Amino acid sequence: MQIVRSSEELTKARAGINGKLALVPTMGALHAGHLALIDEAKRRADRVAATIFVNPTQFGPNEDLARYPRREEEDARLLEDRGCDLLWMPGIEDIYPAGFATRISVGGVSERWEGEARPGHFDGVATVVARLLLSVRPDIALFGEKDFQQLAVIRRMVVDLGLPVEIAGVPTVREPDGLALSSRNAYLSAEERRRAVALSATLGAARDAILASRPVGPALTAARESLRSAGFSAIDYFALVDAATLEPLDAPAGEMRLIAAATLGATRLIDNLALSI
Ligand code: PAF
């Protein structure tokens, strides 16, 4: 695997790549969910590139930018062992050179849920992903479905800007007990980790209830109560939404997602589940 850092090195490395190229953008602290993205990228392209860049513009002022886990060497080893061909680890000046003054703001699908809970977050995501796509010029880019709204925002941006890249979502990878893999799981104490399973379990129970024709409102209220009694606080949202528009649904219809974000101790966790009728 070739490792490059500066934009100049990337341009040279990119020029040497022939065939279909897949990109897996990451912020590092890689886990099996990221490696599943690499596996899927290998199935769908001839060559695979990954990026590691902890993007400051997608963190709010009171969020975890400073303590976000950074494990460059270990990450590079994991990517190489998995068969990644090229790793770009840009510096801040490669992504946001002096004088950088552009922000990409996707309307509609970004506005509710994470958009309300984390103002400015999706502007940061859209801007950095556009920079990464325009720099690496992949044929396909892959993102995890765990950040389901992020995936929808990126799809919207790529369509709206006419970027010549296919966007693929890859299903969430879970621990054996159901907890969705996330770099932020590393923040959980042993006791919090034990309780964290309630998030996926509650989503599963709400899905079963809705599919068994329980009215959506009471099913969601019961889900929020069950999260609170498991020790979660600050439930930002627990909602049934249309899978394409992310607009809330008060009755089941077509392709849907149950989406949730809640805080356990000092750690904010998000997760989602697909359901359809
Ligand atoms: O999902 C992530 O890791 C990040 O939001 C992304 C897409 C790499 C942009 O920084």
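This text follows the structure it describes.
Residues numbered from 1 in each chain as written. Predicted model: local features only at pLDDT ≥ 70, side-chain atom pairs only at ≥ 80, totals over all residues. Heavy atoms only, no water.

## What to know about the nonpolar core
As a rule of thumb, soluble globular proteins bury nonpolar side chains together.
Consideration 1: Ranked by size, the top nonpolar core spans 45 residues in total, and within it Val129, Leu133, Met157, Val158 and Ile167 carry the most contacts.
Consideration 2: Of all the secondary-structure elements, those providing two or more residues to this core are helix H1 (7-15), strand S2 (21-26), strand S4 (86-88), helix H6 (121-136), strand S5 (140-144), helix H7 (148-161), strand S7 (233-242) and strand S8 (255-264).
Consideration 3: Examining the composition of this core, we find that nine residues originate from one element, H6, more than from any other.
Consideration 4: Setting aside residues no more than four positions away along its own chain, Ile167 makes contact with Ala141, Phe143, Leu151, Ile154, Arg155 and Val158. (Core = buried A, V, L, I, M, F, W, Y, C linked by side-chain atoms within 4.5 Å. Buried < 20%, exposed > 50% of the residue type's maximum accessible area, 1.4 Å probe, protein only. Helix = DSSP H or I, 4+ residues; strand = E, 2+ residues; numbered from the N terminus. Contact = heavy atoms within 4.5 Å.)

## Comments concerning the pattern of salt bridges
Consideration 1: Applying the stated criterion across every chain yields a total of 18 salt bridges.
Consideration 2: The salt bridge involving Glu40 is made with Arg44; its shortest N-O contact spans 3.5 Å. Here Glu40 and its partner Arg44 are both found in helix H2 (residues 32-44), four residues apart, which amounts to about one turn of the helix.
Consideration 3: You can call Arg44 partly exposed: its relative accessible area is 30%.
Consideration 4: Note that Arg194 is salt-bridged to Glu191, the shortest N-O span being 2.8 Å. A residue pair is termed a helical-turn pair when its members lie 3 or 4 positions apart in one helix, as Arg194 and Glu191 do in helix H8 (residues 190-211) at three residues.
Consideration 5: The exposed category is assigned to Arg194, whose relative accessible area is 54%.
Consideration 6: Three or more residues joined by partner-sharing salt bridges are found here, namely Glu40, Arg43, Arg44 and Glu166. (Salt bridge = Lys/Arg side-chain N within 4 Å of Asp/Glu carboxyl O.)

## A word on the site of the ligand
Consideration 1: For the ligand, the full set of nearby residues is Pro25, Thr26, Met27, Asn55, Gln58, Val128, Val129, Phe143 and Gln150.
Consideration 2: Separating an oxygen atom of the ligand from a side-chain N or O atom of Gln58 is a distance of 2.6 Å.
Consideration 3: Between the ligand and the protein, one listed contact pairs an oxygen atom with a side-chain N or O atom of Gln150 at 2.7 Å.
Consideration 4: A total of 280 Å² of accessible area belongs to the ligand in isolation, and the protein chains cover 89% of it.
Consideration 5: Put simply, the parts of the chain that give the shell around the ligand at least two residues each are S2 and H6.
Consideration 6: Taken together, the residues of the shell around the ligand break down into five nonpolar, four polar and no charged. (Near = heavy atom within 4 Å. Polar contact = N/O pair within 3.5 Å; in protein donor to acceptor, adjacent residues only side chain to side chain. Areas by Shrake-Rupley, 256 points an atom, 1.4 Å probe, with all protein chains shown as cover. Nonpolar A, V, L, I, M, F, W, Y, C, P; charged D, E, K, R; others polar.)

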